[in-house]
Amino acid sequence: DPAERPEVGDLTGEEIAKHNSSESCWVIVNGKAYDVTEFLPEHPGGQKIILKYAGKDATEEYSPVHPPDTLDKYLPREKHLGAVNMTTVEQETKEESPEEKARQERIKAMPKLEVCYNLMDFEAVARHVMKKTAWAYYSSAADDEITMRENHSAFHKIWFRPKVLVDVENIDMSTTMLGTKVDIPFYVTATALGKLGNPEGEVVLTRGAHKHNVIQMIPTLASCSFDEICDERKGDQVQWLQLYVNKDREITKKIVQHAEARGIKGLFITVDAPQLGRREKDMRTKFDDTGSNVQNTNNDNVDRSQGAARAISSFIDPALSWKDIPWFQSITKMPILLKGVQRVEDVLKAIEYGCDGVVLSNHGGRQLDTARSGIEILAEVMPILRERGLQDKIEIYIDGGIRRATDIIKALCLGAKGVGIGRPFLFAMSAYGLPGVDRAMQLLKDEMVMNMRLIGAPTVADLTPDMLDIGSARSHYVNQPEDTLALRAYDALITPNDMLK
Ligand SMILES: Cc1cc2c(cc1C)[n+](S(=O)(=O)[O-])c1c(=O)[nH]c(=O)nc-1n2C[C@H](O)[C@H](O)[C@H](O)COP(=O)(O)O
């Protein structure tokens, strides 16, 4: 019985190396051996990536993508072969690629943290110091990435109407989100695979969130296990859970009820990803790594048409619909919010179904390209809720493209309770670790104080719709195809020389 196998490594590398094919496939993860032969065809990431490490130590490739308790949770006990005597395992001396050498040089030359003055600076540094696959996964968005760019540029279509001669000596930017008092109206939103950018993963964000008293939304697809992230919480720190709903509702029920038992204060059901978007940057880099060519069609049963991101999310249920909401309300007392709502009709429906809130979001542009920005949808939603006296019936959040405190302030003026921020904290964590996350959050706090002073609003309650001019909020400027005839009319007919004749 594997449970009786001694913890002291008695399996040798030589013995494990014999099981290096699809007929018999053993791998080592974190000093323990596992027989994954029967699991091969079910692996969401395809067989090739596992076979690449058949008979070898797969820990380095495995850890950034899988929470540490994955094998305990999903691989039958009899396949756990016991501890390995790692001194007998031949470690592959990975010849550092020229690309990796160059990356290490860039890391040595990277700017000091103090040089980062805004959230975009972290992205600029991260781009050059992160591993290519990690950069591609975090920075990518769907199709032509128009929505990702629109998410940020949409804030530039909204202008302030500042008040003057208001006493703004004392600024109070605190607010409450789902009843939790926070020091600044943003939360760390759910972004998957934290260990791609930082070996410690999402727990780094937990520490940063604690320091600044902001809420962290734990992703379903975190690299750290859910319990690791909960255990990292300090004092009365608050966390929420972002949920991808599993086709197997029993698994979902277990996750939700365990989260409630662990003191999670909000359940955010992601509703904009019945299938993950097609993120081509992510797909391209995945092809550099022979093992993870998930486009291959060999006899496994997972849709590979959307690249690796799709592969790690094949459990998501595309059949999720409004009729599931009562079921969720029957299995948990946590507040239930829908993350990824993109039209006022669905906000009204969420109120009808008794949801506690929505996040107006397009998933950071990673799903439906040319979907509208969160701030534009907010500008559509709030006047209608106010007209119907429904604005206090539900908490409205937005996320996507928030990079400045002025973006946060615009969202609050329009009526959002708070905003979610994703990539900036990932890039800060990937480039500078916890100090980076800490500085990013502090920069936003400093910007908030300054900008609330400059628009004449000392508290969050003073951030009201009349502080904004949203006249052009709905204009979508995307490069129009050039009409060369019209553009050249004058040049074609009359040239300077003609004038001299
Ligand atoms: C950047 C990023 C975002 C992800 C994300 C992973 C990354 C790297 N992932 S994803 O792999 O499936 O797409 C998630 C996720 O797990 N679940 C989710 O609800 N949103 C996911 N999002 C969307 C995120 O919660 C926010 O909606 C989005 O990041 C906000 O935009 P900014 O990044 O511009 O702040």
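Residues numbered from 1 in each chain as written. Predicted model: local features only at pLDDT ≥ 70, side-chain atom pairs only at ≥ 80, totals over all residues. Heavy atoms only, no water.

1. Describing the overall build of the protein
- Within the protein, the secondary structure is distributed over 20 helices and 15 strands.
- Per-residue burial over the protein gives 53% buried out of 501 residues.
- Contacts in the protein between residues at least 24 apart in sequence constitute 75% of all its contacts with a sequence separation of at least 6.
- On the protein, roughly 23800 Å² of surface is accessible, and the fraction owed to carbon and sulfur atoms is 54%. (Helix = DSSP H or I, 4+ residues; strand = E, 2+ residues; numbered from the N terminus. Buried < 20%, exposed > 50% of the residue type's maximum accessible area, 1.4 Å probe, protein only. Contact = heavy atoms within 4.5 Å. Areas by Shrake-Rupley, 256 points an atom, 1.4 Å probe, with all protein chains shown as cover.)

2. Some words on the environment of isoleucine 28
- Tracing the backbone shows isoleucine 28 in strand S1 (residues 26–29).
- The exposure class of isoleucine 28 is buried, given its relative accessible area of 1%.
- Measuring from C-alpha to C-alpha, the distance between isoleucine 28 and arginine 233 comes to 30 Å, with 205 residues separating the pair along the chain.
- Discounting chain neighbours no more than four positions away, the residues touching isoleucine 28 are Ile16, Ala33, Lys56, Asp57, Ala58, Thr59, Val84, Met86 and Val89.

3. Here we look at the packing of helix H17 (residues 405–414) against helix H18 (residues 423–455)
- Between H17 and H18, whose axes approach to 8 Å, the crossing angle comes to 55 degrees. Viewed along their axes, H17 and H18 adopt a mutual orientation that is oblique. Where H17 crosses over H18, the handedness of that crossing is right-handed. Listed contacts from H18 to Ala405, Thr406, Ile408 and Ile409 of H17 are Leu444, Glu447, Met448, Asn451, Met452 and Ile455. (Axes fitted to C-alpha atoms, helices over the stretch in contact; angles between N-to-C directions. Parallel < 35°, antiparallel > 145°, perpendicular 65-115°, else oblique. Left-handed = near helix turned anticlockwise from the far one by under 90°.)

4. Observations concerning the site of the ligand
- Neighbouring the ligand are 23 residues, the closest being Tyr137, Ala190, Tyr244, Thr270 and Arg403.
- Between an oxygen atom of the ligand and a side-chain N or O atom of arginine 279, the distance comes to 3.1 Å.
- Serine 361 places a polar side-chain atom, nitrogen or oxygen, 3.5 Å from an oxygen atom of the ligand.
- Contact with the protein chains hides 100% of the accessible area of the ligand, taken as 650 Å² for the molecule alone.
- If you list the elements that add at least two residues to the shell around the ligand, you get helix H7 (132–139) and H18.
- When grouped by side-chain class, the residues that make up the shell around the ligand number 7 nonpolar, 10 polar and 6 charged. (Near = heavy atom within 4 Å. Polar contact = N/O pair within 3.5 Å; in protein donor to acceptor, adjacent residues only side chain to side chain. Nonpolar A, V, L, I, M, F, W, Y, C, P; charged D, E, K, R; others polar.)

5. Describing the sheet that holds strand S3 (residues 80–83)
- Strand order across the open sheet formed by 3 strands is S1-S2-S3, with antiparallel pairing between neighbours. Only two strands of the sheet have a single neighbouring strand rather than two, namely S1 and S3. Geometrically, the sheet is characterised by an average inter-axis angle of 25 degrees between neighbouring strands, direction not taken into account.
- Here S1 runs beside strand S2 (residues 32–35); their pairing, made up of 4 bridges, is antiparallel. If you follow valine 27 over to S2, its bridge partner there is tyrosine 34. (Pairing = 2+ DSSP bridges.)

6. Some thoughts on H18
- Between its first and last C-alpha, H18 extends only 27 Å over 33 residues, short of the 48 Å set by a 1.5 Å rise per residue.
- Taken as a whole, H18 carries its principal kink of about 140 degrees at tyrosine 432; the proline proline 435 stands between one and four residues after it.
- The buried fraction of H18 is high, at 24 of 33 residues.
- Looking one or two residues past H18, glycine 456 carries a phi angle of roughly 80 degrees, positive in sign. (Expected span 1.5 Å × (residues − 1). Bend = angle between axes of the 7 residues up to and from the residue.)

7. Examining the pairing of strand S14 (residues 418–421)
- Where burial is concerned, the two faces of S14 agree: the one with Gly418 and Gly420 and the one with Val419 and Ile421 are both buried.
- Alignment of strand S13 (residues 395–399) against S14, held across 3 bridges, turns out to be parallel. Residue pairing in the sheet places tyrosine 397 in a bridge with glycine 418 of S14.
- Assessed by its sense of winding, the connection that carries the chain from S13 through H17 to S14 is right-handed. (Right-handed = clockwise from strand over helix to strand, strands pointing away.)

8. Notes on the environment of isoleucine 455
- When you line up the elements, isoleucine 455 lands in helix H18.
- Counting along the chain gives 291 residues from isoleucine 455 to valine 164, while the straight-line C-alpha distance between them is 7.4 Å.
- Excluding residues within four positions of it along the chain, isoleucine 455 makes contact with Phe160, Pro162, Lys163, Ile409, Leu463 and Met467.

9. So, the side chain of serine 139
- Among the structural elements, serine 139 can be located in helix H7.
- Among the polar contacts listed, one links the side chain of serine 139 to the backbone oxygen of tryptophan 135, at a separation of 2.6 Å.
- One polar contact links serine 139 to lysine 281, side chain to side chain, over a distance of 3.4 Å.
- The contact partners of serine 139, leaving out residues within four places of it in the chain, are Glu145, Met148, Lys281, Arg423 and Phe427.

10. A few points about the confidence of the model for the protein
- Averaged over all residues, the pLDDT of the protein equals 89, while 88% of them reach at least 70.
- For residues 287–308, every residue scores under 50 in pLDDT, and the model assigns this stretch 50 contacts once sequence neighbours within four places are set aside.
- The complex model carries a pTM of 0.86, and its ipTM stands at 0.99. (pLDDT = per-residue confidence, 0-100.)

11. Structural notes on the pattern of salt bridges
- A full pass over the atoms with the stated rule returns 19 salt bridges.
- Its salt-bridge partner being glutamate 100, residue arginine 103 comes within 2.9 Å of it at the nearest N-O pair. Here the residue arginine 103 and the residue glutamate 100 both occupy positions in helix H5 (residues 98–109), the gap between them amounting to 3 residues, near one helical turn.
- Relative accessible area serves as the criterion here: at 12%, arginine 103 is assigned to the buried category.
- Residues joined by salt bridges that share partners form a network here, namely Glu200, Arg207, Glu232 and Lys234. (Salt bridge = Lys/Arg side-chain N within 4 Å of Asp/Glu carboxyl O.)

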